[in-house]
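# What the coordinates show
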Amino acid sequence: MASEKSRAIVLKVVEFSESSCIVTLFTEDFGKIGALAKGARRAKSSFEGALDLLALVRIVFLHKSSESLDLLTEARLERRFRSSQRDLARLYAGYYVAELLAELTEPGDPHRELFQAADATLFALDHDAPLPETVLRFELVALREAGHMPSLEECVVCGRPIQPEKRVAFGMTAGGVLCDDCRPGRRGVVNVSSGLLAALRQASASSLAQPPERAGQVSSAGEAATDFAFDPAIRGELRAVMNNYFAHLIGHRLRMSEYLGAPPNQQP
Ligand SMILES: [Zn+2]
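Residues numbered from 1 in each chain as written. Predicted model: local features only at pLDDT ≥ 70, side-chain atom pairs only at ≥ 80, totals over all residues. Heavy atoms only, no water.

## Regarding the coordination of the zinc ion
Ideal geometry at a metal gives 109.5 degrees between four tetrahedral donors and either 90 or 180 degrees between six octahedral ones. Let me state the cut-off plainly: The donor set covers N, O and S atoms within 2.8 Å of the metal, switching to 3.2 Å for Na, K and Ca, and it leaves out water, so a site may look short of donors. Think of it this way: any DSSP run of H or I at least four residues long counts as a helix, any run of E at least two long counts as a strand, and we number them from the N terminus. To sort residues, take the accessible area from a 1.4 Å probe on protein chains only and compare it with the maximum for the residue type: under 20% means buried, over 50% means exposed, and anything in between is partly exposed.
For the zinc ion, the full set of protein donor atoms is Cys155 (SG), Cys158 (SG), Cys179 (SG) and Cys182 (SG), and the range of their distances to it is 2.3 Å. Sequence spacing of the donor residues for the zinc ion, all on one chain, is C-x2-C-x20-C-x2-C. Separated by 21 residues along the polypeptide, Cys158 in the loop between helix H3 (131–145) and strand E6 (168–171) and Cys179 in the loop between strand E7 (176–178) and strand E8 (189–192) bring together distant segments of the chain. What makes Cys158 partly exposed here is its relative accessible area of 42%.

Quick look at the structure:
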């Protein structure tokens, strides 16, 4: 049994016994793991309260070769997800990031870029980056990493370029935009507005800046995350399309998705 080290994001913490927890972690080097944290619930433990939902931690663990749980031996806190204390909409967006990581990745399948995007997204959510844009950009990175990025420029069936001058057919199961010839007879097709398609294209072309603490930058995540912005009028349509797309992909609606679309005046 080898002792491994990695950075990780805490996705889930479940009480296991009076003193222990079972944690689900998305690690930078090993992908998603489930691990037993013995003694984590005691006041003095080698985890020092680091196993907080959505916290960025540095861990040491014993990697089991079989299907059984890994054994977490150390967790040191690098950054807590602070939105939980001040903004419910941002907290829900953080939970949504965790849900996407849990649903779209397999245990032991590392995705470094996805880890870095999740880290940057949680940091941006904590630093007043625009919420809908930050969430959408992470969704698109997650889809790309999982191999399910929808085709946005060309018809997903025949490859013909799609001009976004009018409403465009978007195939949920086909996996992207459809031309007039390829659309007939397909199931799960919705018409999306040209504004929505433009927002998806912009979001997929923009990149998430790494948190300044690592990149050595002075700029704030808020600044870094505003290289594109979409019309608030398309937000409802955007959430409907993205929620639908993930539901088709995963086989059920994401639990946190219903909390993402609330109009600003209904957000706490
Ligand atoms: Zn076509």
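The structure having been displayed, the exposition proceeds.
## Some thoughts on empty space enclosed by the protein
The test is simple: Only protein atoms enter the 1 Å grid used here. Points where a 1.4 Å probe fits but cannot escape make up a cavity, open sets with protein on both sides within 12 Å along at least five of seven lines make up a pocket, and a residue lines them when an atom lies within 4 Å of a point. Grid points are joined across faces, edges and corners, and a volume is the space filled by probe spheres set on the points. Under the scheme applied, nonpolar residues are Ala, Val, Leu, Ile, Met, Phe, Trp, Tyr, Cys and Pro; charged residues are Asp, Glu, Lys and Arg; polar residues are all the others, including Gly.
Counted under the stated rule, the structure contains three cavities of 30 Å³ or more. The computed volume of the second largest cavity comes to approximately 40 Å³. As for the second largest cavity, its lining consists of Ile9, Leu54, Ala55, Leu56, Arg79, Arg80, Phe81, Asp119 and Leu122. Taken together, the residues of the lining of the second largest cavity sort by class into six nonpolar, no polar and three charged.

## Remarks on the sheet that holds strand E3 (residues 31–37)
How we decide: Strands are treated as partners if at least two bridges between them are detected by DSSP. As a rule, the C-alpha atoms of each element are fitted with a line to give its axis, helices using only the stretch in contact, and angles between N-to-C directions run from 0 to 180 degrees.
Spatially, the five strands close up into a barrel ordered E1-E2-E3-E5-E4, and their pairing is mixed. Averaged over all adjacent pairs, the angle separating strand axes in this sheet is 50 degrees, with direction ignored. Summarising the sheet, strand E1 (residues 2–15) and strand E4 (residues 56–63) pair through eight bridges and their orientation is antiparallel. Opposite Ser3, over in E4, you have Leu62 as the bridge partner.

## Digging into the packing of helix H1 (residues 88–104) against helix H2 (residues 112–126)
Our working rule: Orientation categories follow fixed angle ranges, with anything under 35 degrees roughly parallel, anything over 145 roughly antiparallel, 65 to 115 roughly perpendicular, and all other angles oblique. Here, residues are in contact when the closest pair of their heavy atoms is within 4.5 Å.
The geometry of H1 relative to H2 is characterised by a closest axis approach of 10 Å and an angle of 170 degrees between their N-to-C directions. The angle between the axes of H1 and H2 places the two elements in the roughly antiparallel class. Here Arg90, Ala93, Gly94, Val97 and Leu101 of H1 come into contact with H2, specifically with Leu114, Ala118, Thr121, Leu122, Ala124 and Leu125. When the residues that make up the contact of H1 with H2 are grouped by side-chain class, the tally is eight nonpolar, two polar and one charged.

## Thoughts on the sheet that holds E8
Overall, antiparallel pairing links the three strands, which are arranged E7-E6-E8 in an open sheet. Edge positions in the sheet fall to E7 and E8, since each has one partner strand and no second. Going across the sheet, the axis of each strand differs from the next one's by a mean of 45 degrees, ignoring polarity. One ladder, built from three bridges, connects E6 with E7; its direction is antiparallel. In the sheet register, Ala169 faces E7, and the bridge partner there is Leu178.

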